[in-house]
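Residue-level structural notes
Residues per chain, in single letters:
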Amino acid sequence: MRGAFMTSVRTFLGYPYPLGATWMGNGVNFAIFSEHATGVELCLFDSIEATEENVRIPVTERTDQVWHVFLPDVRPGQLYGFRVSGPYDPEHGLRFNSSKLLLDPYAKAIAGEVSWSDEMFGYVVGGQKEDLTQDFRDDAWGVPKSVVIDTGFDWQGDKKPGTPLHSSVIYELHVKGFSKLCPHVPEELRGTYAALGSQASIDYFKKLGVTAIELLPVHAHIDDKGLVDRGLTNYWGYNTIGFFAPHAQYSGGGQMGEQVVEFKSMVRSLHAAGIEVILDVVYNHTAEGNHLGPTLCFRGIDNLAYYRLLPDKPRLYLDFTGTGNTFNLLHPRTLQLVMDSLRYWVLEMHVDGFRFDLAVSLARDQDGVNKLHAFFQIIHQDPVLSQVKLIAEPWDVGEGGYQVGNFPVLWAEWNGKYRDAIRSFWKGDEGRVGEMGYRLTGSPDLYQHNGRRPYASINFVTAHDGFTLNDLVSYNDKHNEANGDGNKDGDNNNLSWNCGAEGPTEDPQINALRERQRRNFLTTLFLSQGVPMLSGGDEWGRSQNGNNNAYCQDNGISWFNWTRDEEQSRFLEFTRKLLSFRKAHPVFRRPKFFQGRRIRGSEIRDVMWFNPGGSEMSDEEWASPFVRCIGMLLSGDTIDVLSFEGEPIRDDTFLLLINAHYEPIPFVLPGQEHLEWQLILDTMDPNGFLAAPKNFASGDDVDLSGRACCLLQLVSGAQAQAREESWKKRRVEFPPLSAEEERARRE
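Residues numbered from 1 in each chain as written. Predicted model: local features only at pLDDT ≥ 70, side-chain atom pairs only at ≥ 80, totals over all residues. Heavy atoms only, no water.

Thoughts on the overall build of the chain
A count of helical and extended segments in the chain gives 17 helices and 33 strands. The globule rule puts the C-alpha radius of gyration for 747 residues at 27 Å, and the 28 Å found for the chain is close to it. Expressed along its principal axes, the backbone C-alpha trace of the chain runs to roughly 95 × 55 × 50 Å. Per-residue burial over the chain gives 61% buried out of 747 residues. Summarising the internal contacts of the chain: among those between residues at least 6 apart in sequence, 73% fall at separations of at least 24. Entry remark: accessible area of the chain is about 28,300 Å², with carbon and sulfur atoms responsible for 48%. Distance from the positive charge centre (73 side chains) to the negative charge centre (100 side chains) of the chain: 3 Å. (Helix = DSSP H or I, 4+ residues; strand = E, 2+ residues; numbered from the N terminus. Rg over C-alpha atoms; globule rule 2.2 N^0.38 Å. Buried < 20%, exposed > 50% of the residue type's maximum accessible area, 1.4 Å probe, protein only. Contact = heavy atoms within 4.5 Å. Areas by Shrake-Rupley, 256 points an atom, 1.4 Å probe, with all protein chains shown as cover. Lys, Arg positive; Asp, Glu negative; His and termini not counted. Charge placed at Lys NZ, Arg CZ, Asp CG, Glu CD.)

Dropping the structure here:
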């Protein structure tokens, strides 16, 4: 043993719980699970620049497959790692290699980054037998280190906002990209947690009108070697290596535990402003990749326990995630790690909820997707986790992986069917009006059958993954050349339409149509039942130059540009007004589904659908591929939605008219005689909301422009009288169904 390892350190037996490194006031307890290891060593480092450990301590105590030791002389700020011994036998799923320094799976902070070289791999890179030949070179000089932290923090009476999900507006953003170019934040803080918690950012969120920010992954992640070799990084961060540690590169104060304090300070500031924090979390896979990936943590600690392996060929990994591996939530200790991580972020870091990346893979067992999976059962009975916002990305890349509408109660979902239906409708595709009826009303076809509510539907038109809203109306095809993969990456099915030219154009008609389409999308989004999610930057028209997969673009493609032209400023103001309007009118954010019929004990119909002639929609019209124009009447005087005190929550009655046809259509306003409607929003207007609202009588024609939508408010007359077909209705002609279409409708 080298002299550097001979330093004397006092050791006590320690405790098997809690796992990880725990500062106990009189020393630090270290505990690490490994079922199949034959030995564990704890390595201590003097500094982040150290190329080798100055102390290596054998961990000899083992309780219930947990190796533990207590060091009375160690303090917070200590850098450490583990070396784990055991067989190197990949063909039997065993990949122990004590030459490789490993991160603590429970590390609360991680310092440093991977300096990529062949030593970071447990096998001889380039060898004839690929991963079957063990590499014995030490890699401690080039891998991140775990950090002991002090969890103490003055929360100053922090109180979680507790915004009901149905009243939430989620704003999805990237910690770095949001503020990297923001002139209102001190330069040294741009791109950090501190910047997000700054007064300038909070003022922006408040003025915009969002209630929660959803952060792209902030768990410590690794930049893949393949990307680094191309001069790129894993900007989005879906490459987790530490489920408890905030990513250190988003810290303005340091990475020796300062990132934890800075994250907590950010949450405290946002909460004080009434803004919730939701984390996009990646428990479905890790940064270690497939059998040819590096050995950084889990693989070297207990590969059999932490990963799903092919049953008949455990050298290889089951991959339901498209990243090379799948985390093994069928193992109780791995499942425990995920639950401990979730509770840590709620109890210690005070976050308000989670969006689970590729959530379907978390519910897979040997037979496929299992709604009774222990993952769901544990969360549902947990007194902490059952009370936070739980949002699933309800798909993965495995067989039967598209599970929109199939998650259990307590769960909301990214509603991919909402995104696709809204895009397809406004693009002008045929036969979409029937599905639009479902999507506008909270997708009862997906969520009502098992007791869920409209707020189970997280409605979105765009997200970080895919086109921005501006690019959705400016490009027919993806343009991902900057990613260095020959434009092969990213989704080809975008349901986008460039409105007549690919990319930026000087054509004023095309630009006017694009602006209108963006107003159409956001009007639809914020006036739909369910929970709207706005992708950061769409509120003013951010572009990624047609890149629909900017996961590796840590540059101006992804960063917000805070210098806005007149058009962008006008669109931002429109978005703010939309959000303010939604907040002011509870009829657009009901916690219960519409019944769409006369409610028992009253003459109220809470939602009605009209054709342009002022008549209620017929079954034939709902089924017609040619119908692209519809009116939705929302009654504000229903009595089924109550306040906490049991009083009915009442609102005005509204009429939303939408026309995805390219030609204008006159729309007869419904209701009995002597009612007055006021046109308050028309997406034909560059400002959206009208400076001088226009009044119409029931029975009048509203000229609904091509590819536009209008919102009218009942301003005179009884609401009950508006819930009827127009007293001046006229017949609407539309092409009859073919025999084949009629047969399909009946089936």
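Some points on the confidence of the model for the chain
Across the chain, pLDDT averages 95, with 96% of residues at or above 70. This stretch, residues 1-6, has a pLDDT under 50; its non-local contacts, to residues over four places away or in other chains, come to nine contacts. (pLDDT = per-residue confidence, 0-100.)

Some details on the sheet that holds strand β31 (residues 689-697)
Across the sheet, six strands lie side by side as β26-β27-β28-β33-β30-β31; this open sheet has antiparallel pairing. Only two strands of the sheet have a single partner each, and these edge strands are β26 (607-610) and β31. Averaged over all pairs of adjacent strands, the angle between strand axes in this sheet comes to 25°, irrespective of strand direction. Relative to strand β33 (residues 708-716), strand β28 (residues 654-659) runs antiparallel, the two being bridged by six bridges. (Pairing = 2+ DSSP bridges. Axes fitted to C-alpha atoms, helices over the stretch in contact; angles between N-to-C directions.)

Thoughts on the packing of helix α3 (residues 199-208) against helix α14 (residues 566-584)
Direction vectors running N to C along α3 and α14 enclose 65°, while the axes themselves pass 8 Å from each other. For the pair α3 and α14, contact is made by Y204, K207 and L208 and by L572, T575, R576 and L579, respectively. In terms of residue class, the contact of α3 with α14 is made up of four nonpolar, one polar and two charged. (Nonpolar A, V, L, I, M, F, W, Y, C, P; charged D, E, K, R; others polar.)

Here we look at helix α5 (residues 258-272)
For α5, spanning 15 residues, the distance from its first C-alpha to its last is 21 Å, which sits close to the expected 21 Å at 1.5 Å a residue. Restricting attention to buried positions, one finds in α5 the residues Q259, V260, E262, F263, K264, M266, V267, R268, L270 and H271. (Expected span 1.5 Å × (residues − 1).)

A short note on the sheet that holds strand β4 (residues 55-59)
Read from one edge to the other, the open sheet built from five strands follows the order β4-β3-β7-β11-β10, with strand pairing classed as antiparallel. Where the open sheet ends on each side, the last strands, each with one partner, are β4 and β10 (109-111). In this sheet, adjacent strand axes meet at a mean angle of 35° when their direction is disregarded.

Details of the nonpolar core
Counting residues in each nonpolar core, the largest one holds 173 residues, and the members touching the most others are F30, Y171, F205, L215, F263, F356 and F375. Looking at this core, the element that brings in the most residues is helix α7 (residues 332-347), giving eight residues. If near-sequence neighbours (up to four positions away) are discounted, F263 is found in contact with Y193, L215, V218, P246, L279, W345, M349 and V351. One finds F610, L655, I665 and A722 within the second-largest nonpolar core, a separate group that totals 20 residues. (Core = buried A, V, L, I, M, F, W, Y, C linked by side-chain atoms within 4.5 Å.)

Some details on the pairing of strand β18 (residues 313-317)
Bridge count between strand β17 (residues 309-310) and β18: two bridges; the pairing is antiparallel. Across the sheet, residue L309 finds its bridge partner in β18, namely Y317. Hairpin connection of β17 to β18: two residues between the antiparallel strands.

A few points about helix α10 (residues 433-440)
Among the residues of α10, V433, M436, G437, R439 and L440 are the ones counted as buried. G442, located one to two residues past α10, shows a positive phi value of around 90°.

Structural notes on the pairing of strand β1 (residues 20-23)
Relative to strand β2 (residues 28-33), β1 runs antiparallel, the two being bridged by four bridges. What sits directly across from T22, in β2, is N29. Between the end of β1 and the start of β2, which pair antiparallel, lie four residues, with G25 showing a positive phi angle near 90°.

Points about the environment of F45
Along the chain, F45 falls in strand β3 (residues 39-45). Taking the C-alpha atoms as reference points, F45 and V147, 102 residues apart in sequence, are found 9.9 Å from one another. Ignoring anything within four residues of it in the chain, the contact list for F45 reads A50, E52, E53, N54, Q78, L79, Y80, G81, L101, A140 and K145.

Regarding the pattern of salt bridges
Scanning the model with the defined rule gives 36 salt bridges in all. Across the pair D138 and R83 runs a salt bridge, and its minimum N-O distance is 2.7 Å. Of this pair, D138 sits in the loop between β10 and β11 (145-147) while R83 sits in strand β7 (residues 79-85); the two residues are 55 residues apart in sequence, bridging distant segments of the chain. Here R83 falls in the buried class, since its relative accessible area comes to 0%. Residues D135 and K100 are paired through a salt bridge, measuring 2.8 Å at the closest nitrogen-oxygen approach. Taken together, the positions of D135 in the loop between β10 and β11 and K100 in the loop between β9 (94-95) and β10 put the pair 35 residues apart, joining distant regions of the chain. Taking the relative accessible area as the measure of exposure, D135 reaches 3% and is therefore buried. (Salt bridge = Lys/Arg side-chain N within 4 Å of Asp/Glu carboxyl O.)

Some points on the state of the cysteines
Scanning the entire structure with this criterion turns up zero disulfides. Not engaged in a disulfide, the cysteine C499 finds its nearest cysteine sulfur in C709; these two sulfurs lie 14 Å apart. (Disulfide = S-S within 2.5 Å.)

Observations regarding the packing of aromatic side chains
Across all of its chains, the model carries 54 aromatic pairs by this definition. Taking 5.8 Å as the distance between ring centres and 70° as the angle between the ring planes, the aromatic pair formed by F121 and Y123 counts as edge-to-face. Side by side, F121 and Y123 carry an identical accessibility label, which is buried. Plain terms: the ring middles of F581 and F588 are 5.7 Å apart, the flat faces sit at 45° to each other, and that makes the pair tilted. Overall, the relative accessible area of 11% leaves F581 in the buried class. Taking NZ or CZ as reference, K145 lies 5.1 Å from the ring centre of F45, over its face. (Phe/Tyr/Trp six-rings, centres within 6.5 Å; stacked < 30°, edge-to-face > 60°. Lys NZ or Arg CZ within 6 Å of the ring centre and 35° of its normal.)

Observations regarding unusual backbone geometry
A cis amide bond, omega 0°, links Y17 with the succeeding residue P18. With respect to the secondary-structure elements, P18 resides in the segment before β1. Positive phi values are uncommon outside glycine, yet D64 reaches one of about 50°. A residue is classified by how much of its surface remains accessible, and D64, at 62% relative accessible area, is exposed. In this structure, L410 takes a positive phi of about 85° despite not being glycine. By the element assignment, L410 lies in the loop between β22 (389-392) and β23 (411-414).

So, the side chain of D382
Looking at the secondary structure, you find D382 in the loop between α8 (374-381) and β22. Within the structure, D382 has its side chain in polar contact with the backbone nitrogen of L385 (distance 2.8 Å). (Polar contact = N/O pair within 3.5 Å; in protein donor to acceptor, adjacent residues only side chain to side chain.)

Description of the packing of helix α9 (residues 416-427) against helix α13 (residues 508-526)
Closest axis-to-axis distance for the α9/α13 pair is 11 Å, and the angle between their directions is 140°. The angle between α9 and α13 places the two elements in the oblique class. Between α9 and α13 the crossing geometry is right-handed. Of the residues in α13, those touching α9 at Y418, I422, R423 and W426 are Q517, N520, F521, T524 and L525. Partitioned by chemical class, the residues of the contact of α9 with α13 number five nonpolar, three polar and one charged. (Parallel < 35°, antiparallel > 145°, perpendicular 65-115°, else oblique. Left-handed = near helix turned anticlockwise from the far one by under 90°.)

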